[in-house]
Protein chains: 4
Amino acid sequence: MVQVLIVYASDHGHTQQAAVAVAEGAESAPNASVRHCGADRVEPGDLSDADALILGTPVHMGSPHWEIKRFIDEVLGGLWVQDRLVGRVGGVFATGGGLGGAGGGCELAMLTMVSALVEMGMILTPLPKSTPSFQQGGLHWGPYVRCGSAAGRAIELPAPSLPLLRSHGLNVARVASLTAGQPARSAFGTSLSSTNGV
Amino acid sequence: MVQVLIVYASDHGHTQQAAVAVAEGAESAPNASVRHCGADRVEPGDLSDADALILGTPVHMGSPHWEIKRFIDEVLGGLWVQDRLVGRVGGVFATGGGLGGAGGGCELAMLTMVSALVEMGMILTPLPKSTPSFQQGGLHWGPYVRCGSAAGRAIELPAPSLPLLRSHGLNVARVASLTAGQPARSAFGTSLSSTNGV
Amino acid sequence: MVQVLIVYASDHGHTQQAAVAVAEGAESAPNASVRHCGADRVEPGDLSDADALILGTPVHMGSPHWEIKRFIDEVLGGLWVQDRLVGRVGGVFATGGGLGGAGGGCELAMLTMVSALVEMGMILTPLPKSTPSFQQGGLHWGPYVRCGSAAGRAIELPAPSLPLLRSHGLNVARVASLTAGQPARSAFGTSLSSTNGV
Amino acid sequence: MVQVLIVYASDHGHTQQAAVAVAEGAESAPNASVRHCGADRVEPGDLSDADALILGTPVHMGSPHWEIKRFIDEVLGGLWVQDRLVGRVGGVFATGGGLGGAGGGCELAMLTMVSALVEMGMILTPLPKSTPSFQQGGLHWGPYVRCGSAAGRAIELPAPSLPLLRSHGLNVARVASLTAGQPARSAFGTSLSSTNGV
């Protein structure tokens, strides 16, 4: 069984909808067990058995929602001290109005989350351009779904973005399935001698 | 057999020395076949069978040596169009004088290389803080080895950094060994239906 | 009179000490009026007359303290909608344990703050390497002060970093003095015709 | 007289066209003298009198064209050693196909150039969202012009992007006009005592 946890913050429900789509994709992988949870309700114990962690956020001023940042500081920070998620698998996604037509700061917002996952010692899952529906908001760091109108008013999560979000969830679960329970994952980040190079 | 290719640029030989240490670490993994090559001499065919690609650079003005950038543009760019390295494994390292004592721009330099690897659809290997010798120049993106004196004159690659470089090479080879030849790697970045969710 | 506001978050008091040093430097500029304030206590009105805004944070998991992020979302976000700080001057600084000896993620942490300031339409003040005491934690984005021991325990803010923090405060105030009250600052970000190119 | 230099790389002529538009905007500022030049033809002496430097690039694999990187390494690098451009003004712009609809890596590409300019000790000019035509490819770091069709074939530089490019050129020239020839610019990055706080 591969455990996937999706943690998100949401302003008007769009990022929550996106999290559900990512979860649906992850669930389509064999033997996957998937949960999604708001960033303000996650506790360290929720991460104990996670083989993969996916973070999702609306883009706020070019970086993630402060609730994602608080989760990173207060929940992930403690697990980082203990090297608890080393070798697990990570992924990210984002939503936003996309003002300006050039991503609206989504890249650095996703990178802030990527950086935290990588600092945990997690293996990062990309979003390859070969992924179906990539044209619907694909960036190599993960999906970016535009859910604002040109005038800035919120609209529904666009239906064409759903397959992309699902594919990303599946991709992360695929990588997690390759690493979960493997000796090399346990050895990851340890010394040469202690593991005989495995 | 897991194939690992290390591509580097070097000003005064330090980054080449670092590449050799990374290669030694990767070679300590079971069944690993490792090569290292200057960025100005790599051809697209050298990457055909690579299960992992590790990029190394001196930090120049806060980003990689221009020869690394030309390799990214002219060699990786062509393979990106063809989705040729999707699902392979990537890693990075850097060297530098470290002027200022705050990394000297090494983080964004490594991120430029990380971004290219992730854009290829490659799975990123982090450098967990649990890795032995992390204190000798470890950043979560990869090792950063200081090889300049305070006055800016080049000195020898410091010996304490060698175990960290070797551990990083081993870590990348470990992740590559988990993914090489697996059906899930072939399925990575493709549609749900075409792979039955594998 | 040039108004400079320094907003910071602090874990154990080090970043607050650093904010005081930055303030001292800004105050040494002619006609400067300087305030510093914790991020959890700033209100939008505090920024109305600010010619310069300097943000400071401890580095948490490779990005700013969540209280800085909440300030960016909830205070700066509202002012961004109104284009209220366009053409003002910005700067950043950070503190941290520096685990690993390669900056510990300080660059992306500073960039997250830089990105928010630039998104406000603010002019960014760098930290040139010619600045006195640059070797004591200088990064081009701003000063990074190490205030943790190798073992991770907090120690005093190192005295040699104080001149660097003061110089950065002065540098920001200098740029603010060049732009404050100038017609070109008011014209900044507006159309050509409405300002006759001024 | 305010001197503005625009340095660009170009694949199919789009970025050169964009550079011309940025130059037109800068020239509309009072007393501005503007030049634009391909990155492969700039010599260090061309930068001696520049009050502002604007870098433009096509986005290649999430970072600038390697010719821009070589210019940064070989031309700017030498001037960095001598602190020759400290206190001058910088700006950036980019062009690209925009595959994926989420910026296509333009943000990190612009940040690589921003980082080099900031490392030179240059004051960074943002692109405020209040700038006319911001919706035509505006990102806070600078304009990003999409010049590829959905299918990846190059098309003409879209006419609606021209006013945005011109406004950015004007914005940079405005900031340069505030700093050029001022004592505070000469003092920038020097010690407190040597300048009496000016």
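To be clear, the structure that these remarks concern was listed above.
### Side note on the interface of chain B and chain A
Taken together, the contacts link 43 residues of chain B with 44 residues of chain A. Counting each side, the surface lost to burial between chain B and chain A is near 3,800 Å², with a carbon and sulfur contribution of 69%. Counting across the interface, chain B meets chain A through 2 salt bridges. Connecting chain B to chain A are 17 residue pairs in polar contact (both at pLDDT 80 or more).

### Quick word on the pairing of strand 5 (residues 89-96) of chain B
Residues and elements named next belong to chain B. Of all 8 residues in strand 5, 8 are buried; the element is thus mostly enclosed. Note that strand 3 (residues 52-60) and strand 5 share 7 bridges and pair parallel. The partner of L53 across the bridge, within strand 5, is G90. Pairing geometry for strand 5 and strand 6 (residues 123-124), over 2 bridges, is parallel. Looking at strand 6, one finds that V89 is bridged to I123. In this fold, strand 5 hands off to helix 3 (residues 106-119), which returns the chain to strand 6; that crossover is right-handed. Inspection of the sheet shows strand 5 paired to strand 8 (residues 142-146) by 3 bridges, in the parallel sense. Bridge pairing in strand 8 links A94 to Y144.

### Observations concerning the relation of the copies chain B and chain A
Superposing chain B onto chain A takes a rotation of 180 degrees plus a shift of 0.0 Å along the axis, which leaves an RMSD of 0.0 Å. The transformation just described matches what one would write down for a two-fold rotation axis. Relative to the rotation axis, the C-alpha of L124(B) is the closest in chain B, positioned 2.5 Å from it. Comparing interface residues between copies, 100% of those in chain B also lie at the interface in chain A; the contact surface is shared.

### Regarding the interface of chain B and chain C
On the side of chain C, 22 residues touch chain B, which itself brings 22 residues to the contact. Carbon and sulfur atoms make up 59% of the area that chain B and chain C hide from each other, which totals about 1,600 Å². For the pair chain B and chain C, the interface holds 0 salt bridges. Where chain B meets chain C, there are 11 residue pairs in polar contact (both at pLDDT 80 or more).

Thresholds, definitions, all that
- Residues numbered from 1 in each chain as written.
- Chains lettered and ligands numbered in written order.
- Predicted model: local features only at pLDDT ≥ 70, side-chain atom pairs only at ≥ 80, totals over all residues.
- Heavy atoms only, no water.
- Contact = heavy atoms within 4.5 Å.
- Buried area = accessible area lost by both parts, 1.4 Å probe.
- Salt bridge = Lys/Arg side-chain N within 4 Å of Asp/Glu carboxyl O.
- Polar contact = N/O pair within 3.5 Å; in protein donor to acceptor, adjacent residues only side chain to side chain.
- Buried < 20%, exposed > 50% of the residue type's maximum accessible area, 1.4 Å probe, protein only.
- Helix = DSSP H or I, 4+ residues; strand = E, 2+ residues; numbered from the N terminus.
- Pairing = 2+ DSSP bridges.
- Right-handed = clockwise from strand over helix to strand, strands pointing away.
- Least-squares fit on C-alpha atoms with pLDDT ≥ 70 in both.

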